[in-house]
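# Coordinate inspection notes
In case you want the letters, here they are:
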Amino acid sequence: MTMMSERHESAMTRGMSPRITVLLVLLVLALFLLPWIAGRYPIYLAMQILILAVFSLGFNLLLGYTGLLSFGQAGFFAVGAYGCGKILLAVPNLLLGIAGGVAAAGVAALLLGILSVRHTRIYFSMLTLAFGMMIYSIAWKWRDFTGGDDGLVGIPRAALEFPGLASISVSAIDRYYYVVLVLSLLAIVAMYRLVRSPLGLTLQAIRDSESRAEFAGVPVRKYRLVAFTIAGLYAGLAGALLPPLENTVTPPIAHWSTSAEPVLATLLGGVHAFAGPIVGSVLFFVIKDVIVRFTEYWLIVFGVIVVALVMRFPEGVMSIFAKRSDGAS
């Protein structure tokens, strides 16, 4: 690990003080209480933020922890969404649909990852972009399976089926919110444990010096494939949570512009901070939601604000807390 990443990691580790722990507990409690104090739109916005946060965490496993910039994550996002949508249309079982979407995205990531991780740097990025656009093209052209430009419509927000135990209806948006919240929190905790496990440390070693990792006997390509597959699983989970929310899936979710969303969220929050993609996801949707209220040319204004934030905080807004932690120590 480089000195810079060590400084970031140590700052964030020191930041996990009892005060921060209390704030995290209060934040989680507030998220669980949100349906009781807010209307439908804030609940919908919160779910979109959670979905992007999961999407961005998987992306940052590649960028921030493995040193691989992927422009094709929207492809796996779309595979998860279409997989979940097709299952729900055939078998109205929410857990089965989400699990099927995640599994489909994981298989796609494994197969395409075998080809992608043979390359690094710009070659890896361009290859993932090409594979992502290939999936986008399939979503448009394979009308019998994907519905073409009409997409999949009428996807039910099916009940949570626990065979032999219970069936819980989540047709109301506030009930489905809890499904998204619980699965997102589990994904966040799992990623937190992963990046601090021997696997996560090995990925960081590869990021910092591929040649040294190979000299130490680390099978670099194998570990990159593992990271690529896990990132695909996270993209698939984010995608699988979308069809029950929107009741439809359309090809644009596979476009490269969708791949740009976790990139922007991660850059806004900070690549070297675990919470960076989560904070960036909040900023992404809050900034967008405010701008859209005032102008139809929101993309221009949004782009200017994002560029300004990235220039002002090149290491992400989470670097503010890291610097405060360093100053307090």
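Residues numbered from 1 in each chain as written. Predicted model: local features only at pLDDT ≥ 70, side-chain atom pairs only at ≥ 80, totals over all residues. Heavy atoms only, no water.

In terms of helices and strands, the protein chain carries 16 helices and 4 strands. By the compact-globule yardstick of 20 Å for 329 residues, the protein chain fits well, its C-alpha radius of gyration being 20 Å. With respect to the three principal axes, the spread of C-alpha positions in the protein chain is 50 × 50 × 45 Å. For the protein chain, the proportion of its 329 residues judged to be buried stands at 48%. Put simply, the protein chain has 23 plus and 16 minus side-chain charges, and the middle of one group is 6 Å from the middle of the other. (Helix = DSSP H or I, 4+ residues; strand = E, 2+ residues; numbered from the N terminus. Rg over C-alpha atoms; globule rule 2.2 N^0.38 Å. Buried < 20%, exposed > 50% of the residue type's maximum accessible area, 1.4 Å probe, protein only. Lys, Arg positive; Asp, Glu negative; His and termini not counted. Charge placed at Lys NZ, Arg CZ, Asp CG, Glu CD.)

With that settled, consider the pattern of salt bridges. Throughout the structure, instances matching the rule amount to 5 salt bridges. The shortest N-O distance in the salt bridge between D149 and R143 comes to 2.7 Å. Classification of D149 as partly exposed rests on a relative accessible area of 42%. Of the residues examined, R143 reaches a relative accessible area of 43% and is grouped as partly exposed. For the salt bridge of R207 with D208, the shortest nitrogen-to-oxygen distance reads 2.9 Å. (Salt bridge = Lys/Arg side-chain N within 4 Å of Asp/Glu carboxyl O.)

Turning to the confidence of the model for the protein chain, a few remarks are in order. When the pLDDT values of the protein chain are averaged, the result is 87; 92% of them are 70 or greater. Here residues 1–15 scores under 50 on pLDDT; set against residues more than four positions off or in separate chains, the count is 22 contacts. Across residues 325–329, confidence stays below pLDDT 50; counting only partners more than four residues off in sequence or on other chains, it has 7 contacts. (pLDDT = per-residue confidence, 0-100. Contact = heavy atoms within 4.5 Å.)

Time to look at the side chain of T120. Its place among the elements puts T120 in the loop between α5 (94–116) and α6 (121–141). Contact partners of T120, with chain neighbours within four places excluded, come to E210 and R224.

Time to look at the layout of surface pockets. If you roll a probe as big as a water molecule over the atoms, it shows you where there is empty space left. The volume enclosed by the second largest pocket comes to roughly 430 Å³. In this structure, the second largest pocket is lined by 19 residues; those nearest its centre are Y44, Q48, E261, F285 and K288. Of all the elements, helix α3 (residues 40–66) adds the most residues to the lining of the second largest pocket, at 7 residues. When the residues that make up the lining of the second largest pocket are grouped by side-chain class, the tally is 13 nonpolar, 2 polar and 4 charged. (1 Å grid on protein atoms, 1.4 Å probe; cavity = no way out; pocket = protein on both sides within 12 Å on 5 of 7 lines; lining within 4 Å. Points joined across faces, edges and corners; volume = space filled by probe spheres on them. Nonpolar A, V, L, I, M, F, W, Y, C, P; charged D, E, K, R; others polar.)

This part covers unusual backbone geometry. Backbone geometry places R121, a non-glycine residue, at a positive phi of 55°. Within the element layout of this structure, R121 appears in helix α6.

So, about the packing of aromatic side chains. Scanning the entire structure with this criterion turns up 10 aromatic pairs. Ring centres 5.9 Å apart and planes at 85° place the aromatic pair F124 and F228 in the edge-to-face group. Here F228 lies in helix α11 (residues 220–240) and F124 lies in helix α6, a separation of 104 residues in the sequence. By the burial criterion, F124 is buried, and F228 matches it. Relative to F285, the ring of F284 has its centre 5.5 Å away and its plane inclined at 80°; by these criteria the two rings are edge-to-face. (Phe/Tyr/Trp six-rings, centres within 6.5 Å; stacked < 30°, edge-to-face > 60°.)

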